[in-house]
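Structure at a glance
For reference, the chains in residue letters:
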Amino acid sequence: MYKKIFSINWLLPVLILTLSSVVHAAQVKDIRVGTQSGSTRLVFELSGAAEHRMFPLSNPDRVVLDVSDADISQSVVNDLKALSSDALMRVRYAKRNNGLRFVLDLSQKVKAKSTVLAASGEYGPRIMVELEYGASQSSTNVIKSLASISNGKRDIVVVIDPGHGGKDPGALGQFKVREKDIVLSIGRELADRLNATPGIKAVMTRSTDEYLQLRERSRIAREANADLLISVHADAFTKPSARGASVWALSLSGKTSEMGRWLAQQEKETDLVGGISLDDKDQLLAEVLLDMSMNSTIQMSLDIGSKVLGNMRRVAVLHKNSVQQAGFVVLKSPDIPSILVETGFVSNATEAKNLGSRAYRVRLAASIAKGVEDFFTANPPDGTFIAWQQNQRGGSTYTVSKGDTLSDIARRNNVTLDALRSANTLKNDVIWIGQKLSIPAS
Ligand SMILES: [Zn+2]
(Lines give C-alpha, C1' and ligand atoms only; values in the text may rest on other atoms or scores of the structure.)
Protein backbone atom coordinates (compact mmCIF):
# COMPACT_ATOMS: atom_id res chain seq x y z
CA MET A 1 0.00 0.00 0.00
CA TYR A 2 2.67 2.44 1.05
CA LYS A 3 4.80 1.36 -1.84
CA LYS A 4 2.03 2.08 -4.37
CA ILE A 5 1.47 5.64 -3.15
CA PHE A 6 5.18 6.23 -3.31
CA SER A 7 5.38 5.12 -6.90
CA ILE A 8 2.53 7.43 -7.93
CA ASN A 9 4.23 10.36 -6.22
CA TRP A 10 7.39 9.55 -8.02
CA LEU A 11 5.72 9.28 -11.38
CA LEU A 12 3.79 12.52 -11.18
CA PRO A 13 6.73 14.95 -11.43
CA VAL A 14 8.12 12.93 -14.31
CA LEU A 15 4.84 13.26 -16.15
CA ILE A 16 4.67 16.99 -15.53
CA LEU A 17 8.23 17.43 -16.71
CA THR A 18 7.54 15.48 -19.88
CA LEU A 19 4.45 17.52 -20.59
CA SER A 20 6.06 20.86 -19.92
CA SER A 21 8.90 20.08 -22.27
CA VAL A 22 6.36 19.70 -25.04
CA VAL A 23 3.84 22.42 -24.31
CA HIS A 24 5.43 25.85 -24.37
CA ALA A 25 3.84 29.15 -23.57
CA ALA A 26 4.86 30.56 -26.91
CA GLN A 27 6.13 29.57 -30.30
CA VAL A 28 8.37 31.67 -32.54
CA LYS A 29 6.27 31.68 -35.70
CA ASP A 30 8.31 33.95 -37.92
CA ILE A 31 11.36 36.17 -37.90
CA ARG A 32 11.63 39.10 -40.26
CA VAL A 33 14.59 41.31 -41.01
CA GLY A 34 14.39 44.87 -42.25
CA THR A 35 17.40 46.98 -43.12
CA GLN A 36 17.86 50.60 -43.81
CA SER A 37 20.93 52.73 -43.81
CA GLY A 38 22.67 52.21 -40.48
CA SER A 39 20.20 49.97 -38.75
CA THR A 40 18.79 46.49 -38.89
CA ARG A 41 15.59 45.41 -37.25
CA LEU A 42 14.51 41.89 -36.47
CA VAL A 43 10.94 41.13 -35.51
CA PHE A 44 10.33 37.83 -33.73
CA GLU A 45 6.70 36.96 -34.08
CA LEU A 46 5.32 34.87 -31.19
CA SER A 47 2.15 32.91 -30.73
CA GLY A 48 1.88 34.07 -27.10
CA ALA A 49 3.63 36.19 -24.50
CA ALA A 50 7.15 35.13 -23.45
CA GLU A 51 9.85 36.63 -21.25
CA HIS A 52 13.05 37.59 -22.97
CA ARG A 53 16.41 39.06 -22.15
CA MET A 54 19.11 40.33 -24.45
CA PHE A 55 22.79 41.07 -23.96
CA PRO A 56 25.76 41.87 -26.20
CA LEU A 57 29.04 39.95 -26.31
CA SER A 58 32.26 40.88 -28.08
CA ASN A 59 35.20 39.05 -29.69
CA PRO A 60 33.49 38.28 -31.97
CA ASP A 61 30.66 40.80 -31.83
CA ARG A 62 27.30 39.21 -31.26
CA VAL A 63 24.02 39.73 -29.48
CA VAL A 64 22.32 37.02 -27.47
CA LEU A 65 18.55 36.89 -27.14
CA ASP A 66 17.06 34.41 -24.69
CA VAL A 67 13.35 33.73 -24.92
CA SER A 68 12.03 31.67 -22.03
CA ASP A 69 9.43 28.94 -22.24
CA ALA A 70 9.24 29.05 -26.00
CA ASP A 71 9.53 26.75 -28.95
CA ILE A 72 10.26 27.43 -32.60
CA SER A 73 8.40 26.24 -35.67
CA GLN A 74 10.32 23.96 -38.02
CA SER A 75 9.78 26.25 -41.01
CA VAL A 76 11.51 29.09 -39.17
CA VAL A 77 14.42 26.79 -38.28
CA ASN A 78 14.76 25.65 -41.89
CA ASP A 79 15.10 29.15 -43.20
CA LEU A 80 17.08 30.76 -40.41
CA LYS A 81 20.20 30.88 -42.51
CA ALA A 82 18.54 33.24 -44.96
CA LEU A 83 18.43 36.03 -42.37
CA SER A 84 21.17 38.58 -42.82
CA SER A 85 21.89 42.25 -43.41
CA ASP A 86 25.00 44.37 -43.84
CA ALA A 87 25.66 44.11 -40.08
CA LEU A 88 23.96 40.83 -39.32
CA MET A 89 25.95 37.87 -40.61
CA ARG A 90 23.61 35.15 -39.46
CA VAL A 91 21.20 34.01 -36.79
CA ARG A 92 21.81 30.81 -34.86
CA TYR A 93 19.59 29.26 -32.25
CA ALA A 94 19.66 26.53 -29.63
CA LYS A 95 17.09 25.10 -27.28
CA ARG A 96 18.01 26.07 -23.78
CA ASN A 97 16.30 25.41 -20.41
CA ASN A 98 12.92 24.91 -21.99
CA GLY A 99 13.35 28.13 -23.94
CA LEU A 100 15.36 29.36 -26.91
CA ARG A 101 18.66 31.11 -27.25
CA PHE A 102 19.23 33.11 -30.43
CA VAL A 103 22.72 34.31 -31.25
CA LEU A 104 22.95 37.15 -33.76
CA ASP A 105 26.45 37.05 -35.25
CA LEU A 106 27.53 40.52 -36.30
CA SER A 107 30.07 41.90 -38.72
CA GLN A 108 30.54 45.06 -36.63
CA LYS A 109 29.82 46.60 -33.23
CA VAL A 110 26.22 47.60 -32.77
CA LYS A 111 24.02 49.27 -30.21
CA ALA A 112 21.26 46.75 -29.56
CA LYS A 113 17.85 47.46 -28.13
CA SER A 114 14.82 45.22 -27.69
CA THR A 115 11.18 46.17 -27.37
CA VAL A 116 8.09 44.07 -26.81
CA LEU A 117 5.18 44.91 -29.08
CA ALA A 118 1.92 43.83 -27.47
CA ALA A 119 -0.50 41.54 -29.24
CA SER A 120 -3.02 43.45 -31.29
CA GLY A 121 -5.90 42.20 -33.34
CA GLU A 122 -5.08 38.84 -34.77
CA TYR A 123 -1.35 39.34 -34.27
CA GLY A 124 0.47 37.83 -31.34
CA PRO A 125 3.10 39.62 -29.30
CA ARG A 126 6.39 40.42 -31.03
CA ILE A 127 9.90 41.07 -29.84
CA MET A 128 11.59 43.75 -31.90
CA VAL A 129 15.38 43.85 -31.85
CA GLU A 130 17.03 46.98 -33.22
CA LEU A 131 20.69 46.97 -34.16
CA GLU A 132 22.12 50.47 -34.66
CA TYR A 133 25.51 50.90 -36.28
CA GLY A 134 25.58 54.27 -37.98
CA ALA A 135 25.45 54.95 -41.68
CA SER A 136 26.69 52.20 -43.91
CA GLN A 137 28.17 52.71 -47.32
CA SER A 138 25.03 51.47 -49.00
CA SER A 139 21.86 53.47 -48.78
CA THR A 140 19.82 50.75 -50.36
CA ASN A 141 16.91 49.59 -48.31
CA VAL A 142 16.18 45.92 -48.35
CA ILE A 143 13.64 43.66 -46.84
CA LYS A 144 14.33 40.01 -46.53
CA SER A 145 11.78 37.65 -45.21
CA LEU A 146 12.56 34.15 -44.13
CA ALA A 147 11.86 32.32 -47.32
CA SER A 148 14.84 31.20 -49.26
CA ILE A 149 17.31 33.62 -50.69
CA SER A 150 19.99 31.57 -52.24
CA ASN A 151 23.01 30.60 -54.18
CA GLY A 152 22.62 32.59 -57.38
CA LYS A 153 20.41 29.99 -59.02
CA ARG A 154 17.23 30.42 -57.11
CA ASP A 155 13.80 29.78 -58.58
CA ILE A 156 11.59 32.68 -59.57
CA VAL A 157 8.69 32.40 -57.15
CA VAL A 158 5.21 33.01 -58.52
CA VAL A 159 2.47 33.04 -55.90
CA ILE A 160 -0.90 32.07 -57.33
CA ASP A 161 -3.89 33.28 -55.42
CA PRO A 162 -7.22 31.75 -56.40
CA GLY A 163 -9.76 34.27 -55.09
CA HIS A 164 -12.44 33.59 -52.47
CA GLY A 165 -12.98 30.04 -51.14
CA GLY A 166 -14.71 28.27 -48.28
CA LYS A 167 -17.60 30.30 -46.91
CA ASP A 168 -17.00 32.94 -49.61
CA PRO A 169 -18.12 31.50 -52.99
CA GLY A 170 -17.29 34.65 -54.97
CA ALA A 171 -19.41 35.37 -58.00
CA LEU A 172 -22.29 33.00 -58.74
CA GLY A 173 -22.97 32.51 -62.41
CA GLN A 174 -25.09 30.74 -64.91
CA PHE A 175 -25.19 26.92 -64.95
CA LYS A 176 -24.38 26.96 -61.21
CA VAL A 177 -20.80 27.98 -61.94
CA ARG A 178 -19.15 29.31 -58.78
CA GLU A 179 -16.15 31.63 -58.97
CA LYS A 180 -14.31 29.98 -56.06
CA ASP A 181 -14.31 26.60 -57.84
CA ILE A 182 -13.23 27.69 -61.29
CA VAL A 183 -10.47 30.01 -60.06
CA LEU A 184 -9.09 27.21 -57.87
CA SER A 185 -9.05 24.91 -60.88
CA ILE A 186 -7.35 27.51 -63.09
CA GLY A 187 -4.91 28.28 -60.28
CA ARG A 188 -3.93 24.63 -59.97
CA GLU A 189 -3.40 24.27 -63.71
CA LEU A 190 -1.35 27.44 -63.74
CA ALA A 191 0.79 26.16 -60.87
CA ASP A 192 1.38 22.86 -62.69
CA ARG A 193 2.45 24.67 -65.86
CA LEU A 194 4.81 27.01 -64.06
CA ASN A 195 6.30 24.23 -61.93
CA ALA A 196 7.08 22.34 -65.12
CA THR A 197 9.25 25.26 -66.24
CA PRO A 198 12.84 25.01 -64.98
CA GLY A 199 13.66 27.99 -62.79
CA ILE A 200 10.09 28.88 -61.87
CA LYS A 201 8.37 27.73 -58.71
CA ALA A 202 4.67 28.23 -58.06
CA VAL A 203 3.24 28.63 -54.56
CA MET A 204 -0.52 28.62 -54.03
CA THR A 205 -2.22 30.73 -51.37
CA ARG A 206 -4.90 28.06 -51.26
CA SER A 207 -5.02 24.70 -52.99
CA THR A 208 -8.29 23.61 -51.41
CA ASP A 209 -11.72 25.10 -50.92
CA GLU A 210 -10.82 27.18 -47.87
CA TYR A 211 -11.53 30.73 -46.79
CA LEU A 212 -8.50 33.03 -46.56
CA GLN A 213 -8.44 36.64 -45.51
CA LEU A 214 -6.67 39.02 -47.86
CA ARG A 215 -4.03 39.66 -45.23
CA GLU A 216 -3.25 35.96 -45.12
CA ARG A 217 -2.87 35.90 -48.91
CA SER A 218 -0.29 38.69 -48.91
CA ARG A 219 1.48 37.14 -45.93
CA ILE A 220 1.94 33.92 -47.93
CA ALA A 221 3.33 35.91 -50.85
CA ARG A 222 5.76 37.80 -48.62
CA GLU A 223 6.97 34.70 -46.81
CA ALA A 224 7.52 32.91 -50.09
CA ASN A 225 9.64 35.88 -51.23
CA ALA A 226 7.39 36.12 -54.25
CA ASP A 227 8.67 37.67 -57.46
CA LEU A 228 5.09 37.91 -58.63
CA LEU A 229 1.60 37.51 -57.21
CA ILE A 230 -1.23 36.51 -59.54
CA SER A 231 -4.69 36.73 -58.08
CA VAL A 232 -7.21 34.78 -60.16
CA HIS A 233 -10.85 35.78 -60.30
CA ALA A 234 -13.99 35.60 -62.42
CA ASP A 235 -16.88 37.94 -62.20
CA ALA A 236 -20.59 38.38 -62.43
CA PHE A 237 -22.28 41.53 -63.61
CA THR A 238 -25.85 42.68 -63.47
CA LYS A 239 -26.04 42.74 -67.27
CA PRO A 240 -25.60 39.22 -68.69
CA SER A 241 -24.14 40.75 -71.85
CA ALA A 242 -20.99 41.88 -70.02
CA ARG A 243 -18.14 39.65 -71.07
CA GLY A 244 -14.43 39.37 -71.59
CA ALA A 245 -11.29 38.59 -69.63
CA SER A 246 -9.12 41.37 -68.25
CA VAL A 247 -5.86 41.90 -66.40
CA TRP A 248 -5.51 44.46 -63.63
CA ALA A 249 -2.71 46.17 -61.79
CA LEU A 250 -2.87 48.53 -58.86
CA SER A 251 -3.68 52.16 -59.42
CA LEU A 252 -2.08 54.60 -57.00
CA SER A 253 -3.70 57.71 -58.38
CA GLY A 254 -7.18 56.54 -57.53
CA LYS A 255 -8.04 57.14 -61.18
CA THR A 256 -9.89 54.14 -62.46
CA SER A 257 -12.66 53.28 -64.85
CA GLU A 258 -16.25 52.75 -63.79
CA MET A 259 -15.80 49.00 -64.30
CA GLY A 260 -12.58 49.13 -62.26
CA ARG A 261 -14.33 50.75 -59.35
CA TRP A 262 -17.12 48.26 -59.53
CA LEU A 263 -14.81 45.25 -59.70
CA ALA A 264 -12.61 46.53 -56.88
CA GLN A 265 -15.75 46.91 -54.80
CA GLN A 266 -16.81 43.34 -55.59
CA GLU A 267 -13.44 41.92 -54.63
CA LYS A 268 -13.10 43.87 -51.42
CA GLU A 269 -13.33 41.82 -48.30
CA THR A 270 -14.66 43.03 -45.01
CA ASP A 271 -11.53 42.35 -43.02
CA LEU A 272 -9.51 45.03 -44.74
CA VAL A 273 -9.54 48.74 -44.72
CA GLY A 274 -9.03 50.56 -48.00
CA GLY A 275 -5.46 51.52 -47.20
CA ILE A 276 -2.36 49.51 -47.68
CA SER A 277 -2.34 46.52 -45.42
CA LEU A 278 0.94 46.75 -43.64
CA ASP A 279 -0.12 46.62 -40.04
CA ASP A 280 2.07 43.61 -39.43
CA LYS A 281 5.14 45.54 -40.49
CA ASP A 282 6.18 48.39 -38.31
CA GLN A 283 5.50 51.89 -39.49
CA LEU A 284 9.07 52.82 -40.34
CA LEU A 285 9.54 49.83 -42.58
CA ALA A 286 6.19 50.50 -44.14
CA GLU A 287 7.19 53.99 -45.16
CA VAL A 288 10.57 52.90 -46.46
CA LEU A 289 8.94 50.21 -48.55
CA LEU A 290 6.30 52.45 -49.96
CA ASP A 291 8.72 55.13 -50.97
CA MET A 292 11.17 52.87 -52.60
CA SER A 293 9.15 50.47 -54.56
CA MET A 294 5.52 51.18 -55.09
CA ASN A 295 6.01 52.95 -58.39
CA SER A 296 8.49 50.56 -59.91
CA THR A 297 6.46 47.63 -58.62
CA ILE A 298 3.40 48.94 -60.43
CA GLN A 299 5.38 49.55 -63.61
CA MET A 300 6.63 45.97 -63.49
CA SER A 301 3.11 44.70 -62.75
CA LEU A 302 1.84 46.51 -65.85
CA ASP A 303 4.57 45.00 -67.97
CA ILE A 304 3.95 41.45 -66.73
CA GLY A 305 0.22 42.07 -67.11
CA SER A 306 0.57 43.04 -70.74
CA LYS A 307 2.56 39.88 -71.51
CA VAL A 308 -0.16 37.82 -69.83
CA LEU A 309 -2.92 39.67 -71.64
CA GLY A 310 -1.16 39.26 -74.98
CA ASN A 311 -1.19 35.48 -74.52
CA MET A 312 -4.70 35.25 -73.07
CA ARG A 313 -6.01 36.97 -76.19
CA ARG A 314 -5.40 33.72 -78.10
CA VAL A 315 -7.81 31.85 -75.85
CA ALA A 316 -10.30 34.32 -74.44
CA VAL A 317 -12.34 37.27 -75.61
CA LEU A 318 -10.84 40.31 -73.93
CA HIS A 319 -12.82 42.91 -72.07
CA LYS A 320 -10.09 45.51 -72.68
CA ASN A 321 -6.98 45.35 -74.84
CA SER A 322 -4.61 46.81 -72.27
CA VAL A 323 -3.88 46.19 -68.62
CA GLN A 324 -6.38 48.09 -66.50
CA GLN A 325 -5.71 49.74 -63.18
CA ALA A 326 -7.84 49.96 -60.07
CA GLY A 327 -7.48 49.98 -56.31
CA PHE A 328 -7.65 46.26 -55.65
CA VAL A 329 -6.57 45.62 -52.08
CA VAL A 330 -5.04 42.23 -52.89
CA LEU A 331 -2.56 43.98 -55.22
CA LYS A 332 -1.26 46.38 -52.60
CA SER A 333 1.93 44.62 -51.50
CA PRO A 334 4.40 47.40 -52.19
CA ASP A 335 7.36 45.11 -52.73
CA ILE A 336 5.76 42.41 -54.86
CA PRO A 337 4.64 42.96 -58.47
CA SER A 338 1.04 41.84 -58.49
CA ILE A 339 -1.62 41.34 -61.12
CA LEU A 340 -5.23 40.34 -60.92
CA VAL A 341 -6.59 38.22 -63.74
CA GLU A 342 -10.34 38.37 -64.28
CA THR A 343 -10.85 35.23 -66.32
CA GLY A 344 -14.30 36.20 -67.58
CA PHE A 345 -17.88 36.81 -66.55
CA VAL A 346 -19.75 33.83 -65.13
CA SER A 347 -22.92 35.91 -65.52
CA ASN A 348 -22.49 35.63 -69.29
CA ALA A 349 -23.85 32.35 -70.70
CA THR A 350 -21.00 31.74 -73.16
CA GLU A 351 -18.29 32.52 -70.65
CA ALA A 352 -19.96 30.53 -67.86
CA LYS A 353 -20.04 27.56 -70.23
CA ASN A 354 -16.39 28.12 -71.18
CA LEU A 355 -15.18 28.53 -67.63
CA GLY A 356 -17.22 25.51 -66.58
CA SER A 357 -15.23 23.41 -69.04
CA ARG A 358 -11.98 21.91 -67.89
CA ALA A 359 -10.48 21.97 -71.36
CA TYR A 360 -11.04 25.73 -71.57
CA ARG A 361 -9.59 26.32 -68.11
CA VAL A 362 -6.48 24.34 -69.03
CA ARG A 363 -5.98 26.42 -72.17
CA LEU A 364 -6.54 29.65 -70.28
CA ALA A 365 -4.08 28.65 -67.54
CA ALA A 366 -1.52 27.72 -70.19
CA SER A 367 -1.85 31.17 -71.78
CA ILE A 368 -1.35 32.92 -68.43
CA ALA A 369 1.69 30.73 -67.74
CA LYS A 370 3.11 31.58 -71.16
CA GLY A 371 2.79 35.30 -70.40
CA VAL A 372 4.61 34.88 -67.09
CA GLU A 373 7.38 32.84 -68.74
CA ASP A 374 7.74 35.37 -71.56
CA PHE A 375 8.18 38.18 -69.08
CA PHE A 376 10.72 36.43 -66.88
CA THR A 377 12.68 35.13 -69.85
CA ALA A 378 13.07 38.71 -71.02
CA ASN A 379 13.57 40.11 -67.50
CA PRO A 380 15.09 37.46 -65.23
CA PRO A 381 15.76 38.83 -61.71
CA ASP A 382 19.41 38.74 -60.63
CA GLY A 383 20.47 35.60 -58.83
CA THR A 384 17.90 33.36 -60.47
CA PHE A 385 18.42 30.16 -62.40
CA ILE A 386 16.93 31.75 -65.51
CA ALA A 387 19.37 34.69 -65.34
CA TRP A 388 22.24 32.24 -64.81
CA GLN A 389 21.10 30.12 -67.74
CA GLN A 390 21.01 33.15 -70.03
CA ASN A 391 24.49 34.20 -68.98
CA GLN A 392 25.71 30.70 -69.84
CA ARG A 393 24.31 31.16 -73.32
CA GLY A 394 26.34 34.31 -73.76
CA GLY A 395 23.45 36.73 -74.06
CA SER A 396 24.02 39.85 -72.06
CA THR A 397 21.55 41.76 -69.99
CA TYR A 398 21.68 45.31 -68.78
CA THR A 399 20.00 46.64 -65.65
CA VAL A 400 18.56 50.10 -66.15
CA SER A 401 19.82 52.66 -63.67
CA LYS A 402 18.89 56.22 -62.86
CA GLY A 403 19.19 58.67 -65.76
CA ASP A 404 19.39 55.99 -68.48
CA THR A 405 17.46 56.38 -71.69
CA LEU A 406 16.86 53.62 -74.18
CA SER A 407 18.84 55.42 -76.89
CA ASP A 408 21.83 55.88 -74.54
CA ILE A 409 21.81 52.19 -73.74
CA ALA A 410 21.61 51.29 -77.44
CA ARG A 411 24.53 53.61 -78.28
CA ARG A 412 26.72 52.36 -75.42
CA ASN A 413 26.18 48.75 -76.46
CA ASN A 414 26.68 49.37 -80.19
CA VAL A 415 23.23 48.20 -81.15
CA THR A 416 20.50 50.05 -82.98
CA LEU A 417 17.54 51.39 -81.08
CA ASP A 418 15.25 49.18 -83.17
CA ALA A 419 17.26 46.06 -82.38
CA LEU A 420 17.13 46.88 -78.68
CA ARG A 421 13.39 47.53 -78.82
CA SER A 422 12.65 44.29 -80.59
CA ALA A 423 14.97 42.20 -78.40
CA ASN A 424 12.90 43.35 -75.46
CA THR A 425 9.52 43.49 -77.22
CA LEU A 426 9.14 47.12 -76.21
CA LYS A 427 6.22 49.01 -77.70
CA ASN A 428 7.61 52.36 -76.65
CA ASP A 429 10.82 53.73 -75.13
CA VAL A 430 9.62 53.87 -71.53
CA ILE A 431 12.05 52.07 -69.23
CA TRP A 432 12.35 52.02 -65.48
CA ILE A 433 15.10 51.74 -62.92
CA GLY A 434 15.92 48.12 -62.21
CA GLN A 435 14.46 46.83 -65.47
CA LYS A 436 16.55 44.15 -67.17
CA LEU A 437 17.11 44.63 -70.88
CA SER A 438 18.44 41.92 -73.16
CA ILE A 439 21.24 43.32 -75.24
CA PRO A 440 21.30 41.65 -78.65
CA ALA A 441 24.64 40.77 -80.26
CA SER A 442 25.85 43.84 -82.15
ZN1 LIG B 1 -13.42 37.54 -57.30
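The preceding data block contains the structure.
What comes next is a walk through the structure. All of these numbers come straight from a predicted model, not from anything done at the bench.

If you tally the helices and strands in the chain, you get eleven helices and 18 strands. Sorting the 442 residues of the chain into buried and exposed places 49% on the buried side. Taking all contacts inside the chain whose residues are at least 6 apart in sequence as the whole, residues at least 24 apart take part in 73%. A total accessible area of about 21300 Å² is found for the chain, and carbon and sulfur atoms account for 53% of it.

Looking now at the layout of surface pockets. What the second largest pocket holds in volume is close to 590 Å³. Examining the composition of the lining of the second largest pocket, we find that seven residues originate from one element, helix α6 (residues 283-312), more than from any other. For the lining of the second largest pocket, the per-class residue count stands at seven nonpolar, ten polar and four charged.

So, about the sheet that holds strand β7 (residues 99-106). Within the open sheet, the four strands sit side by side as β3-β4-β7-β6. Their pairing is antiparallel. Of all the strands in the sheet, just β3 (52-57) and β6 (88-96) have a single pairing partner and so form its edges. Adjacent strand axes in the sheet meet at a mean angle of 15° when their direction is disregarded.

The buried fraction of helix α4 (residues 214-223) amounts to seven of the ten residues, a majority that puts the element mostly inside the structure. Buried within α4 are the following residues: Leu214, Arg215, Arg217, Ser218, Ile220, Ala221 and Arg222. One or two residues past the end of α4 sits Asn225, with phi positive at roughly 55°.

The next point concerns the nonpolar core. Counting 44 residues, the largest nonpolar core has Val158, Leu194, Ile230, Val308 and Met312 as its most contacted members. Ranked by the residues each element gives to this core, the list is headed by helix α8 (residues 358-378), at eight residues. For Met312, the residues in contact, after removing those within four places along its chain, are Ala245, Val247, Leu318, Val341, Glu342, Leu364, Ser367 and Ile368. Core analysis: the second largest hydrophobic core is formed by 26 residues, Phe44, Leu83, Leu88 and Leu106 among them.

The next point concerns the packing of helix α3 (residues 179-195) against α8. Running from N to C, α3 and α8 cross one another at 50°; their axes reach a closest spacing of 8 Å. On the basis of their axis angle, the class for α3 and α8 is oblique. Handedness of the α3/α8 crossing: right-handed. Where α3 approaches α8, its residues Ile182, Ser185, Ile186, Glu189, Leu190, Arg193 and Leu194 are matched on the opposing element by Arg358, Arg361, Val362, Leu364, Ala365, Ala366, Ile368, Ala369, Val372 and Glu373.

Under the counting rule described, the total for this entry stands at 25 salt bridges. Of the charged contacts, one joins Glu130 and Lys113 as a salt bridge, the two residues approaching to 3.6 Å between their closest N and O atoms. Residue Glu130 is found in strand β9 (residues 126-132), and its partner Lys113 is found in strand β8 (residues 111-117); the two are separated by 17 residues along the sequence. A network of salt bridges, in which partner residues are shared, links Arg53, Asp66, Arg96 and Arg101.

Pairing between the strands of a sheet is mediated by backbone hydrogen bonds and can be parallel or antiparallel. One open sheet holds the six strands; their spatial order is β12-β11-β13-β16-β14-β15, and the pairing between them is mixed. Strands with a single pairing partner mark the edges of an open sheet, and in this sheet they are β12 (200-204) and β15 (324-326). Pairwise comparison of adjacent strand axes, ignoring direction, gives a mean angle of 30° for this sheet. Pairing between strand β11 (residues 156-162) and β12: five bridges, direction parallel.

The next subject is the packing of aromatic side chains. This structure, assessed with the given rule, holds five aromatic pairs. With a centroid separation of 6.2 Å and an interplanar angle of 35°, the aromatic rings of Tyr93 and Phe102 are classed as tilted. Aromatic rings pair up to connect Phe44, Tyr93 and Phe102 into one cluster. Between Lys153 and the ring centre of Trp388, over which it is positioned, the NZ or CZ distance is 4.3 Å. Across from the ring centre of Tyr211, 4.3 Å away, lies the NZ or CZ of Lys167, which sits over that ring.

Procedures and definitions
Residues numbered from 1 in each chain as written. Predicted model: local features only at pLDDT ≥ 70, side-chain atom pairs only at ≥ 80, totals over all residues. Heavy atoms only, no water. Helix = DSSP H or I, 4+ residues; strand = E, 2+ residues; numbered from the N terminus. Buried < 20%, exposed > 50% of the residue type's maximum accessible area, 1.4 Å probe, protein only. Contact = heavy atoms within 4.5 Å. Areas by Shrake-Rupley, 256 points an atom, 1.4 Å probe, with all protein chains shown as cover. 1 Å grid on protein atoms, 1.4 Å probe; cavity = no way out; pocket = protein on both sides within 12 Å on 5 of 7 lines; lining within 4 Å. Points joined across faces, edges and corners; volume = space filled by probe spheres on them. Nonpolar A, V, L, I, M, F, W, Y, C, P; charged D, E, K, R; others polar. Pairing = 2+ DSSP bridges. Axes fitted to C-alpha atoms, helices over the stretch in contact; angles between N-to-C directions. Core = buried A, V, L, I, M, F, W, Y, C linked by side-chain atoms within 4.5 Å. Parallel < 35°, antiparallel > 145°, perpendicular 65-115°, else oblique. Left-handed = near helix turned anticlockwise from the far one by under 90°. Salt bridge = Lys/Arg side-chain N within 4 Å of Asp/Glu carboxyl O. Phe/Tyr/Trp six-rings, centres within 6.5 Å; stacked < 30°, edge-to-face > 60°. Lys NZ or Arg CZ within 6 Å of the ring centre and 35° of its normal.

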